[in-house]
Amino acid sequence: MIQSLLIANRGEIACRIIRTARAMGIRTVAVYSDADARALHVRQADEAVHIGASPARESYLVGEKIIAAAKATGAEAIHPGYGFLSENAEFAQAVIDAGLIWVGPRPASITAMGLKDAAKKLMSDAGVPVTPGYMGENQDPAFLAERAAEIGYPVLIKAVAGGGGKGMRKVEAAEDFADSLPSCQREAAASFGNDHVLIEKYIQRPRHIEVQVFGDTHGNIVHLFERDCSLQRRHQKVIEEAPAPGMDEATREQLCAAAVRAAKAVDYVGAGTIEFIADASEGLRTDRIWFMEMNTRLQVEHPVTEEITGVDLVEWQLRVASGEALPKRQEELSINGWAMEARLYAEDPTTGFLPSIGTLSHMEINAMRVDLGLQSGDEISPFYDPMIAKIITHSSSRAETLRDLQNQCAGADLWPVKTNAGFLARLLAEPAFAAGEVDTNFIAARQEELTTKPPLSDDALEATIHLLVDTEKAASGALEMSGLRLNAAPRRTVTLDVDGEAREAPMPFWYVHANNYARATRDGHEIIKFDRGYAYRVALHAPRGSGDGGGSDGFILSPMPGRIIAVEVAAGDQVTKGQKLLTLEAMKMEHTLAAPFDGVVAELNAEAGAQVQVEALLVRVEAEEQ
Ligand code: ADP
């Protein structure tokens, strides 16, 4: 057995590999870039080696530095994780040439599966059904157009060297082919340095189904059943599950047998995944499932397979790399219950999923299994994939597994980094998903409703009032100002600032001593209340700049990111209370910002047409001296 292992990766997958290695008594060596000097994977490893600057091409993608780090620390083997160098046959070969153990397939298998056209031909020859299409050498436009017509529209033009959803064009009809082909070829040449394309039938109601396979150096190959990864956003997986909903035993058997044939065709060693595309317009049928590609590494979504089979796939990788035979035979493997995984990202669904970077000062996730790459206080840097964690559930039924995952996503509290937790919770609450009606267009078809932030629920709002009363008790004046005084004459409602918007909240009948740690955190004078996967900023005053001047200091801040559509005043102007200063367009609505009191415009940082960030100081009104 390997005694020491270098992990050529970062984030959750590096931590995941360290966990198993440690349980097996293997010494672990981490590598890290400048940005990751204090990252979780570095803290968890027995040793860590700095390999360069923050951009991956200067650190995690530099094979020589990684091999040198292994040599310097006496590590015997290198595990590449996923992404980075994991499917780089040259690197795999360099590791082997350096006398180290490569925890992965033979370089020749990686190469064989590297190009989509070559892989499809290999699979077709091995009797694995491949998506109908043309995958030959002839790249003459007229010839390709003829093939497309033969296949039947709509078709998909795919770069043979493509990956990550890039270099693909859907063509609806023959008259569009001549325009789409050169644009796909240009993108392929620019992104992958290879302009060759293949033509495939465009599958209607496509489902992404993949089979986990495993081989050893003794010639054994098994499968560990299928995963369904149909819930995707722009060809990127969001939710994965195992087994696939609606898969009957006979179909599963044929699909998994085809996957094993595919792995045998390349003498596969280690963990691999055969990806298929299914036309689910009439359920899952063996004659409508086709080979798409093979990933020659551990997948992000491997935990769902681990949960249903009870197998630690990283342990198997390390045993196989050490020369051992697979720990189990095919007949010893079976499916136990149902598992699901949700990918928690530092991204903001309300702004088109822009990555959200910064320090993760508050993180509370209560999950059965959560594979983490970060802890509270850690930094999310702009250099790498912004995945925070994978939330994984497993139980005896799909319904229970789904409900658990939904609750755990809704209960993921993070601040100030924005996350997709609320989006995930809502996605998982879709009745069609519960009914197993999945396909790769599922998210796009519901994009609008899934990406708007719902208002803070009444229950959560009421809990927040208690928190505000408690935390502001000491600040004299604040309570009186808002009418929230314990012995004052009762008021029916109070105006709060929730995410910069005025929210009338009913006054509670009585006050309880609220605990500040109950799914909330503080940020300055604001309470951050977590509710159903979203974070809300709540303050005990009317929104600044909302016009009623309640407690305003004259600083008019942008209540949310948006665009200024009109500026009504100039610097130095006299203004009166309530006078319109400017109009902001945000979230498709216009917001008027008005003078909080009589005074003069002391500062003006607003220009019609300009984009502004949340909390940007737009105008400062100064009260005139008496
Ligand atoms: P990449 O290597 O860029 O990830 P893939 O060939 O794996 O590209 O395809 C990525 C995704 O694109 C699939 O998961 C599926 O959602 C969609 N897709 C691929 N081929 C087809 C097809 N023939 N018809 C419809 N959708 C497809």
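No experiment lies behind these values; they were computed from the predicted model shown.

**So, the overall build of the chain**
Right, so step 1: A count of helical and extended segments in the chain gives 18 helices and 36 strands.
Right, so step 2: Radius of gyration (C-alpha) of the chain: 28 Å, near the 25 Å computed for a compact globule of 626 residues.
Right, so step 3: For the chain, the spread of C-alpha atoms along the three principal axes comes to 90 × 60 × 45 Å.
Right, so step 4: Every one of the 626 residues in the chain was classed for burial, and the buried ones make up 55%.

**Structural notes on the site of the ligand**
Right, so step 1: Around the ligand there are 22 residues in total, and K116, K158, G165, K201 and I203 lie nearest to it.
Right, so step 2: Contacts to the ligand include K201, whose backbone N or O atom sits 2.9 Å from a nitrogen atom.
Right, so step 3: In the environment of the ligand, an oxygen atom lies 3.1 Å from a nitrogen or oxygen atom belonging to the side chain of H235.
Right, so step 4: With the chains in place, 94% of the 560 Å² that the ligand exposes on its own is no longer accessible.
Right, so step 5: For the shell around the ligand, the secondary-structure elements that each account for two or more residues are β7 (155-159), β9 (197-201), β13 (270-279) and β14 (289-295).
Right, so step 6: Here the shell around the ligand is composed, by residue class, of 6 nonpolar, 9 polar and 7 charged.
Right, so step 7: A domain split of the shell around the ligand shows at least three residues from each of domain 2 (132-201) and domain 3 (206-451).

**As for the domain arrangement of the chain**
Accessible area lost upon the coming together of the parts is a frequently used measure of interface size.
Right, so step 1: Under the domain assignment used here, the chain contains domain 1 (4-103), domain 2 (132-201), domain 3 (206-451), domain 4 (458-539) and domain 5 (555-623).
Right, so step 2: Distance between the C-alpha centres of domain 3 and domain 4: 40 Å.
Right, so step 3: Counting from both sides, the interface comprises 15 residues of domain 3 and, opposite them, 11 residues of domain 4.
Right, so step 4: The junction of domain 3 with domain 4 conceals about 880 Å² of combined surface from both sides, 57% of it contributed by carbon and sulfur atoms.
Right, so step 5: Of all residues in domain 3, the largest losses of buried area upon contact with domain 4 belong to H362, D413 and W415, amounting jointly to 58% of the total for that side.
Right, so step 6: Our count for the contact surface shared by domain 3 and domain 4 stands at 1 salt bridge.
Right, so step 7: A salt bridge links R519 to D413; the nearest nitrogen and oxygen atoms lie 2.6 Å apart.
Right, so step 8: Remark: the boundary between domain 3 and domain 4 carries 6 residue pairs in polar contact (both at pLDDT 80 or more).

**A short note on unusual backbone geometry**
Right, so step 1: Y153 connects to P154 through a cis peptide bond whose omega is -5°.
Right, so step 2: Summarising the element assignment, P154 is placed in the loop between α7 (141-151) and β7.
Right, so step 3: Of note, the amide linkage connecting A242 to P243 takes the cis form, showing an omega dihedral of -5°.
Right, so step 4: Looking at where P243 falls in the secondary structure, it is placed in the loop between β12 (236-242) and α9 (249-265).
Right, so step 5: Even without a glycine there, the phi angle at F84 is positive, about 40°.
Right, so step 6: Secondary-structure assignment places F84 in the loop between β4 (77-79) and α4 (89-97).
Right, so step 7: You can call F84 partly exposed: its relative accessible area is 28%.
Right, so step 8: A positive phi is found at D499, a non-glycine position, where the angle reads about 55°.
Right, so step 9: Mapped onto the elements of the fold, D499 is located in the loop between β24 (493-498) and β25 (501-506).

**Thoughts on the packing of aromatic side chains**
Right, so step 1: Here the structure, examined in full by the defined rule, presents 9 aromatic pairs.
Right, so step 2: Judged by centre distance (6.5 Å) and plane angle (55°), the rings of Y534 and Y536 are tilted.
Right, so step 3: The exposure class assigned to Y534 is buried, which follows from its relative accessible area of 11%.
Right, so step 4: Every member of this aromatic cluster is reached through a ring pair, and the members are Y60, F84, F383 and Y384.
Right, so step 5: Lying across the ring of F433, R398 places its NZ or CZ 4.8 Å from the centre.

**Quick word on the environment of G74**
Right, so step 1: In this structure, G74 sits in the loop between α3 (63-73) and β4.
Right, so step 2: Residues G74 and V29, 45 residues apart in the sequence, show an inter-C-alpha distance of 9.3 Å.

**Details of the pairing of β9**
Right, so step 1: Burial runs high along β9: 4 of the 5 residues are buried.
Right, so step 2: With 2 bridges joining them, strand β6 (residues 133-134) and β9 adopt antiparallel strand pairing. Bridged to G133 within β9 is E200.
Right, so step 3: In this sheet, β9 lies alongside β7 in antiparallel orientation, the contact comprising 5 bridges. Bridge assignment links K158 to a residue of β9, and that residue is L198.

**Topic: the sheet that holds β4**
Right, so step 1: Taken together, 5 strands build an open sheet; the order of strands is β3-β2-β1-β4-β5 and the sheet is parallel. Every interior strand has two partners, whereas the edge strands, β3 (47-52) and β5 (101-102), have only one.
Right, so step 2: Pairing analysis gives 3 bridges linking strand β1 (residues 4-7) to β4, with the strands arranged parallel. By the bridge assignment for β4, I7 is matched with H79.

**Points about the sheet that holds strand β27 (residues 526-531)**
Right, so step 1: One open sheet accounts for 5 strands, arranged β25-β24-β28-β27-β26; its pairing is antiparallel. Two strands lie at the open edges of the sheet, namely β25 and β26 (520-523), each paired on one side alone. Within this sheet the neighbouring strands show an average axis-to-axis angle of 35°, counted without direction.
Right, so step 2: Across 6 bridges, β24 lies against β25 in antiparallel orientation.

**Re α7**
Right, so step 1: Taken residue by residue, α7 has L144, R147, A148 and I151 as its buried positions. Summarising the axial view, the buried residues of α7 lie within an arc of 100°, below the 170-degree limit, and thus occupy one face.
Right, so step 2: On its buried face, α7 sits against β6, β7, α8 (174-192) and β9.
Right, so step 3: Looking one or two residues past α7, G152 carries a phi angle of roughly 100°, positive in sign.

**Here we look at the nonpolar core**
Right, so step 1: Counting residues in each nonpolar core, the largest one holds 35 residues, and the members touching the most others are I239, I388, L427 and F433.
Right, so step 2: Mapped by element, the contributors of at least two residues to this core are β12, β15 (338-345), β22 (387-395), α12 (398-410), α13 (421-428), α14 (431-434) and α15 (442-445).
Right, so step 3: Per-element accounting of this core gives the leading share, 6 residues, to α13.
Right, so step 4: For I388, the residues in contact, after removing those within four places along its chain, are L344, Y345, A346, L360, M363, D371, L372, G373, L374, I380, L414 and T419.
Right, so step 5: Among the nonpolar cores identified, the runner-up in size contains 33 residues, and I2, A45, Y82 and V269 belong to it.

The rules behind these values
Residues numbered from 1 in each chain as written. Predicted model: local features only at pLDDT ≥ 70, side-chain atom pairs only at ≥ 80, totals over all residues. Heavy atoms only, no water. Helix = DSSP H or I, 4+ residues; strand = E, 2+ residues; numbered from the N terminus. Rg over C-alpha atoms; globule rule 2.2 N^0.38 Å. Buried < 20%, exposed > 50% of the residue type's maximum accessible area, 1.4 Å probe, protein only. Near = heavy atom within 4 Å. Polar contact = N/O pair within 3.5 Å; in protein donor to acceptor, adjacent residues only side chain to side chain. Areas by Shrake-Rupley, 256 points an atom, 1.4 Å probe, with all protein chains shown as cover. Nonpolar A, V, L, I, M, F, W, Y, C, P; charged D, E, K, R; others polar. Domains from an automatic or database assignment. Contact = heavy atoms within 4.5 Å. Buried area = accessible area lost by both parts, 1.4 Å probe. Salt bridge = Lys/Arg side-chain N within 4 Å of Asp/Glu carboxyl O. Phe/Tyr/Trp six-rings, centres within 6.5 Å; stacked < 30°, edge-to-face > 60°. Lys NZ or Arg CZ within 6 Å of the ring centre and 35° of its normal. Pairing = 2+ DSSP bridges. Axes fitted to C-alpha atoms, helices over the stretch in contact; angles between N-to-C directions. Arc of directions from axis to C-beta. Core = buried A, V, L, I, M, F, W, Y, C linked by side-chain atoms within 4.5 Å.

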